[in-house]
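Examination of the molecular architecture
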Amino acid sequence: MTTGSDSVLELLPMVFAAPSEALAGAREVLDGDPTPFRASVAHHAIGMWQRDFGDLRLALHHLRRARDLAARADSADREADVLGTLGVALVHAGRTRQGLEAFERGIARGTGQTRARVLYRRAYVWWVLGRHREALEDVRRAIAVLRQADDVIWIARAITLRATVHLALGAVDRADADFTAAEVLWETTGQEHDKADVVESRGLAAFRSGDIPVALQLLDEAQKMYAKLATPTFMLTIRRCEVLMSAGLAGEALAHADTAVGLLDGIGGQSTRKAELLLVAARAARLADDPPTAIARAAVAVRLFAAQRRTWWETHAQLVLIEARLAAGRASGRLVADAAAVADRLAAFGSPSAPEASLLAGRIALALGWTADAERHLAVAARSRRGGPPLARMTGWAAQALRAQAAGSGRGVLEACRRGLDVLDDHRTTLGASELRARATAQGAELAALAQRASLASGGPRRLLVWSERWRATALSTPPTRPPADPTLLSDLTAFREIAARAEEARMEGRPLPALEREQRRLEREIRSRTLHMRGDSPGEGDRFDPTRLLARLGEGRLVELAVVDGRVHALLCGEGRVRRFEAGLLAEAMAEAEHVQAGLRRLAHPGAEARLPVVEAAGRRLEELLLGEAAQHLGSGPVVVVPPGRLHRVPWALLPSLRDRVLSVSPSAGSWLRALDTEPPSGARHVLVRGPGLATGGAEVPDLADLADRYGRPTVLEHDDAEVPRVLAELDGATLAHIAAHGTFRADSPLFSSLRMADGPLIVHDFERLTRSPYRIILSSCDTARLASVGADELLGLVTALLPLGTAGVIASSAPVNDAAVVPLMLTLHKGLRAGLSLAEALRDARASLPGDAVHRATGWAFTAFGAA
């Protein structure tokens, strides 16, 4: 960088092609004895670097110095170019008026290509400010000149910006076409940062069109490209958070946004970007049911956007603030007026969020009893049901359902809810990962609740059952997409097991493990990221639930589905050719009682806690009153299937007095139970026993089980070094019966990393999803293997629910810690029952009855549950 002026100008495009080299080159120029022109370019390059990747205050210092040196060099185009960059930096710093003035001077001073580049930068600022029409006009003028000059880099930038503006206006097809054209141009340049930016933008376009797996894949690809350049990625964080929220991962999005705000503050970064991150954090907190955090983040965002004169953004932040205040219970006439005003402004901006604001205004008006106002706002919101991306159409159908509710039309409510949930069904089938399918159901929670409320009001228990099933455990209705035969994914899974095993060894030996834990978390992120990229391959919506078919298949048995409407449990008792409804207790009280029971069972797992037994039994009686009510008196004498809501998955159902001595099974939904009932066992009748390391009894039941004469022949026994994950998976695939004695670990923070401990490390849920067919029957004889995470509307994530859609018809697992020694006789008797031709539920009932009557053995029997129908 020691030759002429043309050479030093190469520093400017280098900022986005090789940022570190550009910064070093500019400093090298300034270390010499540069002319005013060359010094202006060097300060300009440093200012650009600091603006986008460093400290905004330093950026302004260098850009002002570059402007002054350009004036000294008497170069009008050089001065205009710097003024364009300075204008962007001033706006990002929240000094909008000064920034726009800099653009005016730059446009007046520049000519030809330089003037076009300043117009492009002002177009970018118009986009930042939410003034999209002005942005499109400036970028149009810029492209015309840049094309004449064949300025490929700046043409590509301008087309990318135009695409981004189209996205903000909801014109996804136009945006996608522009992004594709820009990417073709970028491939002819060395602008690596710009290449990453267009990949990131394509991810945003995929998201706006409803393709979450592709969006996540493109954003991850962009992240890797940015990492090679060692540049911050705050805009990418914002976009990733938007995708995560739409996938039901609001808590994760909030954590990402808050972390990015902290990093931005630490480097003195752009005020504009901070405001955008705070807006994303506010939206995430609202979706995560954290109104106080949402209010706090949104209020600061509103103030920052107002100070920056960014009316478009300020209005969107006001929408989130109103939503959060409503969630906090602050409904008022003023809030209706505020929501209506926001809806009008968003509609004037052409924002896709305008229907959300109208729906919000209508919802608040309904809560206040203002039916005329509500109808006016909801009618506007309902228009979006006819077109646009899935979540926009759902907004429209939610508005239509509320209109019907206000008009007293139960049929209209149910029709609108059906149409809205059909939209979400179609959306979910594009998602391959079981986690995304489950979490995406949160978007339909309001529609499901409205339909259940309307069904209850109509007085028909069969209709309430149908709607309870309509949005229960839908993620299990079709198998998740098989993870791809991806060498990187398989390598990461192997590395994860190795690191997890080393961490466990270090933990047992009392050695430090921060480095191992960091690597384990990194591998978890990689594995999860790759699985979230999977697209769904299950067309349609699966079989519709038919209560007549259910009643026919029950025979002499009963199925009790627990529906929750407005916080109250309703027991829907199916059997004898009819469905009856019994009102039970409050869900909140039942959940609290279930936690008390879990604490009691944990204590009873250890000798010496016999005094707790009457307390636990009394809690079981209270749970029965709260969950079954009078239905407990009408269960008949046959088998019973319980279908609880997700939030009650930890109830030990065998503890309830009316269920204690019955053939009892549990299912996530009635539809899931019917599918399990129809599942045929595989040919070949293989029986597999697996014994993992570290059990207190050494998995003592496994050798005894291996010695049992079995109608399936001699079982395959995997223990010691044979019990490594690849071998275990190979033997489990397509087995008729599998028994796994291994320590179970439930991960509430990431349920699909819940695991069973094998000789070479953890066997996780993601491993099971790679099976061609999971075992027809599977028995998990260790602690906490039935623990699940309740997500979405009424979905469960964990080991048991991962197995059911993959070909497993029945599972036995424990929902609480168990005494290893007491498990041995339970399991031996259980297998003897299976040898005699009993089902899992029948064999488990008989095994419980055969145990000694002391507290430890009784608690062990209660902790195990039969899931499914095998």
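We now turn to the structure provided with this report. Note that the structure is a prediction, hence the values are computed from the model and not measured. (Residues numbered from 1 in each chain as written. Predicted model: local features only at pLDDT ≥ 70, side-chain atom pairs only at ≥ 80, totals over all residues. Heavy atoms only, no water.)

**Here we look at the overall build of the chain**
To keep it simple, the criterion reads: Only DSSP runs of H or I with at least four residues qualify as helices, and only runs of E with at least two residues qualify as strands; both kinds are numbered from the N terminus onward. Only protein chains enter the area calculation, which uses a 1.4 Å probe; residues under 20% of their type maximum are buried, those over 50% are exposed, and those in between are partly exposed. Whether two residues touch is decided by their heavy atoms; if any such pair falls within 4.5 Å, the residues are in contact. For the accessible areas, the method is Shrake-Rupley and the probe is 1.4 Å, while residue cover comes only from the protein chains on display.
In terms of regular secondary structure, the chain is built from 39 helices and 16 strands. Considering the chain as a whole, with its 870 residues, one finds that 60% of them fall into the buried category. Sequence-distant contacts in the chain: of pairs separated by 6 or more residues, those separated by 24 or more amount to 70%. Of the roughly 32800 Å² of accessible surface on the chain, 50% is carried by carbon and sulfur atoms.

**Digging into the pattern of salt bridges**
Between side chains of opposite charge, a pair can form as their charged atoms come close. Short version of the rule: Whenever a carboxyl oxygen of Asp or Glu lies within 4 Å of a side-chain nitrogen of Lys or Arg, that contact is scored as a salt bridge.
In this structure the tally under the stated criterion is 45 salt bridges. Here aspartate 81 ties to arginine 78 by a salt bridge, and the two come within 3.4 Å at their closest N and O atoms. Highlighted residues: aspartate 81 and arginine 78, both in helix α6 (residues 76–92), separated by three residues, approximately one helical turn. When sorted by exposure, aspartate 81 lands in the same class as arginine 78, which is buried. Close ionic contact of aspartate 178 with arginine 162 constitutes a salt bridge, the shortest N to O distance being 2.8 Å. Taken together, the positions of aspartate 178 in helix α11 (residues 172–186) and arginine 162 in helix α10 (residues 152–168) put the pair 16 residues apart, joining distant regions of the chain.

**Here we look at the sheet that holds strand β11 (residues 761–764)**
Formally: Any two strands between which DSSP finds at least two bridges are classified as paired. For helices, the fitted axis covers only the stretch in contact; all axes are lines through C-alpha atoms, and the angles between them, taken along N-to-C directions, range from 0 to 180 degrees.
Taking strand neighbours across the sheet as the criterion, the three strands line up as β9-β10-β11 in an open arrangement whose pairing is antiparallel. Of all strands in the sheet, those with a lone pairing partner are β9 (744–745) and β11, marking the two edges. Across four bridges, the pairing between strand β10 (residues 755–758) and β11 is antiparallel. Of the residues in β11, the one forming a bridge with serine 755 is isoleucine 764. Sitting on the sheet, helix α34 (residues 725–732) touches β10 and β11, and the angle it makes with β11 is about 30°.

**Looking at the packing of aromatic side chains**
Quick reminder of the rule: Stacked, edge-to-face and tilted labels apply to pairs of Phe, Tyr and Trp rings (six-membered ring for Trp) whose centres lie within 6.5 Å, assigned for plane angles under 30 degrees, over 60, and everything in between, in that order.
This structure, assessed with the given rule, holds four aromatic pairs. A ring pair is formed by tyrosine 120 and tryptophan 154, whose centres lie 5.5 Å apart and whose planes are at 85°; its orientation type is edge-to-face. One end of the pair, tyrosine 120, is in helix α8 (residues 112–129); the other, tryptophan 154, is in helix α10, and 34 residues separate them in sequence. Each member of the pair, tyrosine 120 as well as tryptophan 154, carries the same accessibility label: buried. Ring centres of tyrosine 124 and tryptophan 127 lie 5.8 Å apart, and the angle between their planes is 45°; on these two criteria the pair is classed as tilted.

**Side note on the environment of leucine 456**
Mapping leucine 456 onto the fold places it in helix α25 (residues 445–458). Note on leucine 456: relative accessible area 23%, which makes it partly exposed. Between the C-alpha atom of leucine 456 and that of tryptophan 467, which follows or precedes it by eleven residues, the distance is 9.9 Å. Not counting residues up to four positions away in its chain, the partners in contact with leucine 456 are Leu464, Val565, His570 and Arg581.

**Structural notes on helix α5 (residues 56–72)**
Under the convention used in this document: To estimate the expected span of a helix, count its residues, drop one, and scale the result by 1.5 Å. N or O atoms within 3.5 Å of each other form a polar contact, as long as, within protein, one can give a hydrogen and the other can take it, and as long as residues adjacent in sequence are counted only when both atoms are side-chain atoms.
Counted at 1.5 Å a residue, the expected span for α5 with its 17 residues is 24 Å, and the 24 Å between its end C-alpha atoms agrees. Along α5, the residues classified as buried are Leu56, Ala59, Leu60, His62, Leu63, Ala66, Leu69 and Ala70. Buried-residue contacts for α5 involve α4 (36–53), α6 and α16 (271–287). The N-cap residue of α5 is aspartate 55: its side-chain oxygen and the backbone nitrogen of arginine 57 are 2.8 Å apart. With its phi angle positive at about 55°, aspartate 74 sits one or two positions after the end of α5.

**Structural notes on the packing of α8 against helix α18 (residues 311–327)**
Stated formally: Orientation is classified from the angle alone, with under 35 degrees giving roughly parallel, over 145 giving roughly antiparallel, 65 to 115 giving roughly perpendicular, and any other angle giving oblique. Under the scheme applied here, ten amino acids are nonpolar (Ala, Val, Leu, Ile, Met, Phe, Trp, Tyr, Cys and Pro), four are charged (Asp, Glu, Lys and Arg), and all others, including Gly, are polar.
Interaxial distance between α8 and α18 falls to 6 Å at its minimum, and their mutual angle equals 20°. In terms of their interaxial angle, α8 and α18 are classed as roughly parallel. When α8 is examined against α18, the residues Trp127, Val128 and Leu129 are found in contact with a partner set consisting of Thr311, Trp312 and Trp313. A per-class count over the contact of α8 with α18 returns five nonpolar, one polar and no charged.

**A closer look at the pairing of strand β1 (residues 558–565)**
Looking down a regular strand, the side chains alternate between one sheet face and the other. In terms of residue burial, β1 counts as a mostly covered element, since eight of its eight residues are buried. Relative to strand β4 (residues 640–643), β1 runs parallel, the two sharing four bridges. If you follow arginine 558 over to β4, its bridge partner there is valine 640. Bridging between β1 and strand β2 (residues 568–575) involves seven bridges; their strand directions are antiparallel. Within β2, the residue paired with valine 560 across the bridge is leucine 573.

**Things to note about the pairing of β10**
In this sheet, β10 lies alongside β9 in antiparallel orientation, the contact comprising two bridges. The residue of β10 that forms the bridge with glycine 744 is leucine 756. Hairpin connection between β10 and β11: a loop of two residues separates the two successive antiparallel strands.

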